[in-house]
Amino acid sequence: MPELPEVETIARGLDKHVSGDTVESVWIGSKKQPLKSPAAVIAATLEGKRIVRVHRAGKHIVFDLEGESRASQPTTKKGGRAARGQTRQAASLPTAQWIVHLGMTGRMVVSEPAAEIAKHTHLIAKLASGRELWFIDPRMFGKLSIHAGGFDPGGVEPLEVSEEAFVALFRGRKTPIKSALLNQKLLRGVGNIYADESLFRAGIRPRRRAAAITRQQLGKLRSAVREVLGEAIALGGSSISDYVGADGEEGFFQLQHRVYGREGEPCLVCGTAIRRIVLAGRSSHYCSKCQK
Ligand SMILES: [Zn+2]
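To keep things clear, this report deals only with the structure shown in the data block.

### Side note on the sheet that holds strand S4 (residues 96-101)
Reading across the sheet, the four strands line up as S2-S3-S4-S8 and stay open at both edges, with antiparallel pairing between neighbours. What marks the edges here is a single partner per strand, and that holds for strand S2 (50-57) and strand S8 (143-147). On average, each strand axis in the sheet is inclined to that of its neighbour by 20°, with strand direction left out of account. With seven bridges joining them, S2 and strand S3 (residues 60-66) adopt antiparallel strand pairing. Residue pairing in the sheet places Ile-51 in a bridge with Leu-65 of S3. Contacts between helix H1 (residues 4-18) and the sheet are confined to S2 and S3, with S2 contributing the most and set at about 170° to the helix. Along the sheet face, helix H2 (residues 39-46) touches S3, S4 and S8 and points at about 60° away from the line of S8.

### A word on helix H3 (residues 163-170)
Taken together, the buried positions of H3 are Phe-166, Val-167, Leu-169 and Phe-170. The arc enclosing the buried residues of H3, seen along the axis, measures out at 150°, which places them on a common side. In the stretch just after H3, Gly-172 is the one whose phi turns positive, near 75°.

### A look at the pairing of strand S10 (residues 282-286)
Counting buried positions over the five residues of S10 gives four, a clear majority of the element. Examined bridge by bridge, strand S9 (residues 275-279) and S10 share five bridges and lie antiparallel to one another. The partner of Leu-279 across the bridge, within S10, is Arg-282. Counting the residues that bridge the hairpin from S9 to S10 gives two residues, and of these Ala-280 lies at a positive phi of roughly 50°.

### A closer look at the coordination of the zinc ion
Around the zinc ion, the protein contributes the donor atoms Cys-267 (SG), Cys-270 (SG), Cys-287 (SG) and Cys-290 (SG), at 2.2 to 2.4 Å from the metal centre. Viewed at the metal, the four donor atoms of the zinc ion are separated by angles of 97 to 113°, and the geometry they form is tetrahedral. Donor residues for the zinc ion sit on one chain with the sequence pattern C-x2-C-x16-C-x2-C. With Cys-270 in the loop between helix H7 (240-243) and S9 and Cys-287 in the segment after S10, the pair connects residues that are 17 residues apart, well separated along the chain. Here Cys-270 falls in the partly exposed class, since its relative accessible area comes to 30%.

### Quick notes on the packing of aromatic side chains
Using the criterion set out here, one finds two aromatic pairs in the structure. Ring geometry for Phe-63 against Trp-98: centres 4.6 Å apart, planes inclined by 35°, an arrangement best described as tilted. A residue pair is termed long-range when its members are at least 10 positions apart, and Phe-63 in strand S3 and Trp-98 in strand S4 qualify at 35 residues. Each ring, one from Phe-166 and one from Phe-170, has its centre 5.0 Å from the other, and the planes form 65°; the classification is edge-to-face. Residue Phe-166 and its partner Phe-170 are located together in helix H3, separated by four residues, close to a single helical turn.

### Looking at the pattern of salt bridges
Across all of its chains, the model carries 13 salt bridges by this definition. Residues Lys-178 and Asp-196 are paired through a salt bridge, measuring 2.8 Å at the closest nitrogen-oxygen approach. One end of the pair, Lys-178, is in helix H4 (residues 177-182); the other, Asp-196, is in helix H5 (residues 192-202), and 18 residues separate them in sequence. Residue Lys-178 is classed as buried on the basis of its relative accessible area, which comes to 2%. Note that Arg-262 and Glu-265 form a salt bridge whose closest N and O atoms lie 3.2 Å from each other. What makes Arg-262 buried here is its relative accessible area of 10%. Taken together, the shared-partner salt bridges in this structure form one network comprising Glu-8, Arg-12, Arg-56, Asp-152, Glu-157 and Arg-188.

### Observations concerning the side chain of Ser-284
Locating Ser-284 in the fold gives a position in strand S10. Look at Ser-284 and you get buried, because its relative accessible area is 0%. Side chain to side chain, Ser-284 and Lys-178 meet in a polar contact 2.7 Å long. Once residues lying within four places of it in the same chain are set aside, the contact partners of Ser-284 are Lys-178, Asp-196, Pro-206, Arg-275, Arg-276, Ile-277 and Leu-279.

### Observations concerning the nonpolar core
In terms of nonpolar packing, the biggest core is built from 31 residues, with Ile-61, Phe-63, Trp-98, Met-108 and Leu-123 touching the most fellow members. Looking at which element gives the most residues to this core, the answer is H1, with five residues. The next biggest cluster of nonpolar side chains, apart from the first, holds 29 residues, and it includes Tyr-194, Val-228, Leu-229 and Leu-255.

What counts, and at which threshold
Within every chain, residues take consecutive numbers counted from 1 along the sequence as written. A pLDDT threshold of at least 70 governs which residues receive local features in this predicted model, and a stricter bar of 80 or more applies before side-chain atom pairs are shown or counted, although totals over entire chains, interfaces and linings include all residues. Just so you know, side-chain values use all the structure's heavy atoms and leave hydrogens and water out. We call two strands paired when DSSP finds no fewer than two bridges between them. Each helix is a run of DSSP H or I of at least 4 residues and each strand a run of E of at least 2, with the numbering of both proceeding from the N terminus. Only the stretch in contact is used when fitting a helix axis, every axis being a line fitted to C-alpha atoms; angles between N-to-C directions are given from 0 to 180 degrees. Throughout, a contact is declared for two residues whenever any of their heavy atoms are within 4.5 Å. Relative accessibility thresholds used throughout: buried, under 20% of the residue-type maximum; exposed, over 50%; partly exposed, between the two (1.4 Å probe, protein chains only). Here the arc refers to the set of directions running from the helix axis out to each C-beta atom. Water is not among the atoms examined, so metal sites may look incomplete; donors are the N, O and S atoms within 2.8 Å of the metal, or within 3.2 Å for Na, K and Ca. All geometry calls rest on donor angles, where a four-donor set with angles between 85 and 135 degrees is tetrahedral, four- and six-donor sets with opposite donors more than 155 degrees apart and all others between 65 and 115 are square planar and octahedral, and all else is irregular. The rule is short: rings of Phe, Tyr and Trp, with Trp giving its six-membered ring, pair when the centres are within 6.5 Å, and they are stacked under 30 degrees, edge-to-face over 60, tilted in between. Definition used for salt bridges: Asp or Glu carboxyl oxygen within 4 Å of a side-chain nitrogen of Lys or Arg. Throughout this description, a polar contact denotes any pair of N or O atoms lying within 3.5 Å of each other; where both atoms belong to protein, one of them has to be capable of donating a hydrogen while the other can accept it, and for residues adjacent in sequence the pair is counted only when both atoms sit in side chains. Put simply, buried Ala, Val, Leu, Ile, Met, Phe, Trp, Tyr and Cys residues joined by side-chain atoms within 4.5 Å make one nonpolar core.

This is the structure in structure tokens:
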């Protein structure tokens, strides 16, 4: 499952390859599962639009689109929020946004036009440059939707959160710190692996009650989260071309895990065997000596 660093890498790769390009036409397959907006709305919103920028919000890939919509106005489920009488500020806000969540097995591929549609392809956007943007997803947990602009998946961005705001997230929380880290309403995009690795670097056991952790330790944890995600993004950065290549091969280099998936193996710092516990149905790995 792609985590924040992978999604960031993919979004950067897509931004490099398709921003500035215009969508000429859209083909959408017959499977309904990945479509969180109606197929007609997705197609009509994308067609004729220029892709201004591709970026990440939490674990979502966001395409900022610009230009006259062929549809009347893109609608979202929360359609009421983009007030109808309100005039849109064209300069600062995109006309519309195309939101892609990769789910478990989703991929976005920039491809040369192919004679045959690859298996499990749910959407193809033909671009003015002659290239095509493919959304492929065998297991169909991925999601495609249209948003009117200003998409906000909730939670705060772990790479941008201030220390003050980070500390405030955990105030009064009786849940284990690991569960709080995974709570997408607090921090968006921190997954299981990166939560374990961050807690190890901060020296905090996953089961510690969030509210009981000192401000100083939380400061350390914030740094650790940023460090771990930052390192993973840096590793992914070198494989951008592989990730969005026409062959669709994944080329992400994984961060060297210090605890995750290393149950029973010696801690890289002190040699103690790494332990594994299950917290809220998820595996958690830690060193009983380095983490308190
Ligand atoms: Zn250790």
